[in-house]
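Per-entry structural report
Below, each chain spelled out in residue letters.
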Amino acid sequence: MSTPTWKNPIVQWVDHRLPIVTFLDHAIVKYPTPRNLNYWWNFGSLAGLILVIMIGTGIILAMSYTPHTSMAFDSVERIMRDVNYGWLIRYLHMNGGSMFFIAVYIHIFRGMYYGSYKEPRELLWIIGIFIFFAMMSTAFLGYVLPWGQMSFWGATVITNLFSIIPFFGESIVQWLWGGFSIDNPTLNKFYSLHYLMPFVIFALVFVHLWALHTHKSSNPLGIEVKGDEDEIPFHPYYTAKDAYGVGLFLIFFLGFTFFAPNFFGEPDNYIEANPLVTPTHIVPEWYFLPFYAILRAVPDNFVDVWGILPVIISAKAAGVIAMFASILLLLVLPWLDTSKVRSAKFRPTYFWLFWLFVIDTIILGFMGAKPAEGTFLLIGRLATAYYFLHLVIFIPLVGKFEKTKPLPESISAAVTAGGSDAKEGS
Amino acid sequence: MFKKILIVAFVFALFSSINAGPLQAAEGAAHPASQEWTTDGLFGFFDRKQLKRGWQVYSEICASCHSVRLVYYRHLEEIGFSPDEVKKIAAEAEVAAGPNEDGETHNDGELIVRPGKPFDKIVSPYPNDLAARAANAGALPPDLSLMTKARKNGANYLHALLTGYKEAPADFKLTEDMNYNPYFPGSQIAMGEPLSDDGVEYADGTKATVDQMSKDITAFLVWAAEPELEERKRMGVKVMLFLIIFTAMLYAVKRQVWAKLH
């Protein structure tokens, strides 16, 4: 792409010194995009929009929030009751967290279905998993701030996970707490980090986009762009499509915010934190439930059964390792997947494996919300086993043995031939 | 087609899984029956007459043990009391004013007490939790300001609890000083049955049955927990209408733009 000349003299003057207009022209106006992206491709920009909404509402909330154990809960209630439109800002922020995860989970599953993580987009995928990880820590830190019962006890459970680290575990936990229990120093620390993390995410998103714009978007057919006829400029085609998606998503998001703002929340968090009263069930926010189920799935006698490293690994440690492994494994997914074909459209066996995996994570979510006992625990364990089987065994094997369907010659050939592919692009 | 069914099933499952956490019923507690509340639904609103009755139930019955510490006297104007009435209500309470402007306390070190003002928080029945426990055989009457948000199925639960006192079944071992109530987790509750027919004499002449009082106090507590509810839903309806029209227009724009391509 050549450097365009701009008619407006001021634009020309600025662009000559700082080519920001040219940059934007390349990045979001003329940016060549496969012509067949379907609506599942909307969730990336949606997630970006929610990040901006979260930072905006968060900065306003911070103006009226007090990070002190004796005042945090009341300061949030003051925002809800006495600050002008405080309830709106706070409910937007609260529900925005859930929306962020909904968008990102769909975005991740889309990447899995269409094999978007494959060569040459491995780093793009890995940075994405980093963003997901950063989001999880941000959400956890933020959930502690209202200083309700679940804030306090959730923080207790999660910070204690670090105690499994050999030799240094206890010191690390005390360092996180800033003392010998979760208390005011912890709250101050978490507040500071919760304010920091969104900007880390923002920087990671920038790198994510940089990698994206290097090899451009993948597409539902999973074949490379062959020429100009396969591509359309981002503007006006995808700006228009994304804008429509934003409209639909806002209806969904604001529907919850205005009419069921506490739908995603735990009632217990409207009870002020009390270190002396443990809630009957400590349940994390819904978006952590699958991982919570994995954490609790490892049996107490796991070590004896397997007889591996019995000295170092306790059942709790194994649970924590399993939980972190369930996320970290996603980092190597581009290499676990041995198939040359990207899209599940042309992979009849993987198609089923993908949906089984989705169902498996939903089952894990259900079990994460239930007490870890009896049938629930058993189902949780089976689903956990399947989660790892899918990633470590099925994904590598299916790529080797699967008979894939023939790929279309090019994107434009598939689109102009009509059928469902053309429709998806429309 | 098959894929679409899968997607719908997925979205449905996603939502039920989200539901699974918050809606889990407390162990061993009876399921509260659903009542009709004016605050329900897209067009939910506050019935101010009912809220005033609810305030009467709170101040004449509940307030002897329970606080609503997040609510101020001035807030009572929102449920239909005039500024003068609010001043009068506030003045009936005694507020510990602390040292006066000159830093003086009473000679005996006791705090100076003055009549309440609209800008004061509604005065709690006990100065602190320990005093509350000491006066209630060790049990702590919880603050009620967020009660309907802090319990699953808040309003229905509260109404069921207040009207749900019963004789304990013969095989149920009731601890001393406890009362049987199947809606409370564990089925026994320290609070004695608070409502009885004609427990208050309503200023507006409504017959004060247990059911009526229970509904009124619950409605009042819904307001206490979510004073923004009415404004929120009204604004929500406008925002939704705008978004639906705006999104339809965006869809038209999208169709128009993409039409060039085919």
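Residues numbered from 1 in each chain as written. Chains lettered and ligands numbered in written order. Predicted model: local features only at pLDDT ≥ 70, side-chain atom pairs only at ≥ 80, totals over all residues. Heavy atoms only, no water.

Turning our eyes to something else, we now look at the overall build of chain A. The helix and strand inventory of chain A stands at 18 helices and two strands. Its C-alpha atoms give chain A principal-axis dimensions of roughly 65 × 60 × 40 Å. A buried classification covers 55% of the 426 residues belonging to chain A. Long-range contacts, defined here as pairs at least 24 residues apart, represent 81% of the contacts in chain A between residues at least 6 apart. Roughly 19600 Å² of accessible area belongs to chain A as shown, and the carbon and sulfur atoms make up 71% of that amount. Here chain A contributes 26 positive and 28 negative side-chain charges, whose respective centroids are spaced 7 Å apart. (Helix = DSSP H or I, 4+ residues; strand = E, 2+ residues; numbered from the N terminus. Buried < 20%, exposed > 50% of the residue type's maximum accessible area, 1.4 Å probe, protein only. Contact = heavy atoms within 4.5 Å. Areas by Shrake-Rupley, 256 points an atom, 1.4 Å probe, with all protein chains shown as cover. Lys, Arg positive; Asp, Glu negative; His and termini not counted. Charge placed at Lys NZ, Arg CZ, Asp CG, Glu CD.)

Before going further, it helps to spend a moment on the overall build of chain B. A tally of helices and strands in chain B yields eight helices and four strands. Listing every helix and strand of chain B by position from the N terminus yields α-α-α-β-β-α-α-α-β-β-α-α. Among the 262 residues that make up chain B, the fraction classed as buried is 41%. Across chain B, contacts joining residues at least 24 apart in sequence account for 62% of those joining residues at least 6 apart. When the accessible surface of chain B is summed, it comes to about 14600 Å², and 58% of that surface belongs to carbon and sulfur atoms.

A few words now on the interface of chain A and chain B. Counting residues at the interface gives 58 residues for chain A, matched by 54 residues for chain B. Between chain A and chain B lies a buried interface of about 5100 Å² when both sides are counted; carbon and sulfur atoms form 72% of it. Counting across the chain A and chain B interface gives three salt bridges. For arginine 69 of chain B, the salt bridge identified is with glutamate 272 of chain A, shortest N-O distance 3.3 Å. If you list the elements that add at least two residues to the side of chain A that touches chain B, you get helix H4 (72-81), helix H5 (86-113), helix H10 (234-259) and helix H15 (348-369) of chain A. The greatest single-element share of the side of chain A that touches chain B, amounting to 18 residues, is contributed by H10 of chain A. Among the residues forming the side of chain A that touches chain B, the class breakdown is 39 nonpolar, eight polar and eleven charged. (Buried area = accessible area lost by both parts, 1.4 Å probe. Salt bridge = Lys/Arg side-chain N within 4 Å of Asp/Glu carboxyl O. Nonpolar A, V, L, I, M, F, W, Y, C, P; charged D, E, K, R; others polar.)

With that settled, the discussion passes to a nonpolar patch on the surface. Residues and elements named next belong to chain A. On the surface, Ile10, Trp13, Val14, Leu18, Ile20, Phe23, Leu24, Ile28, Val29, Phe206, Val207 and Trp210 cluster together into a nonpolar patch covering about 1200 Å² of accessible area. For the nonpolar patch, the elements supplying multiple residues, two or more each, are helix H1 (9-17), helix H2 (20-29) and helix H9 (184-215). For the nonpolar patch, the element with the highest residue contribution is H2, accounting for five residues. Structurally, the position occupied by valine 207 is in helix H9. Look at valine 207 and you get partly exposed, because its relative accessible area is 34%. (Patch = residues over 30% accessible without salt bridge, like charges linked within 9 Å, V, L, I, M, F, W, Y side chains within 5 Å.)

With that settled, the discussion passes to the domain arrangement of chain B. Domain parsing of chain B yields domain 1 (28-71 + 121-227) and domain 2 (234-262). Averaged C-alpha coordinates put domain 1 of chain B and domain 2 of chain B at centres separated by 45 Å. (Domains from an automatic or database assignment.)

The subject of this paragraph is the pattern of salt bridges. One pass over the full model with this rule turns up 18 salt bridges over all chains. A salt bridge links arginine 347 of chain A to glutamate 402 of chain A; the shortest N-O distance between them is 2.8 Å. Of the two residues, arginine 347 of chain A is situated in the loop between helix H14 (333-336) and H15 and glutamate 402 of chain A in the loop between helix H16 (374-401) and helix H17 (411-416); the sequence distance between them amounts to 55 residues. Just as arginine 347 of chain A is buried, glutamate 402 of chain A falls in that class too. Of the charged contacts in the structure, one is a salt bridge between arginine 114 of chain B and aspartate 120 of chain B, with a shortest N-O distance of 2.9 Å. Using a relative accessible area of 9% as the deciding quantity, one classes aspartate 120 of chain B as buried. Put simply, Lys118, Asp337, Arg347 and Glu402 of chain A are held in one network by salt bridges that share partners.

Now for the confidence of the model for chain A. Low-pLDDT portions of the prediction should not be read for the details of their coordinates. With 93% of its residues at a pLDDT of 70 or more, chain A has an overall mean of 92. The low-confidence segment residues 419-426 of chain A (pLDDT under 50) makes 19 contacts with residues lying over four places distant or belonging to another chain. (pLDDT = per-residue confidence, 0-100.)

For tryptophan 210 of chain A, the location among the structural elements is in helix H9. C-alpha separation for the pair tryptophan 210 of chain A and isoleucine 53 of chain A, spaced 157 residues apart in sequence, amounts to 22 Å.

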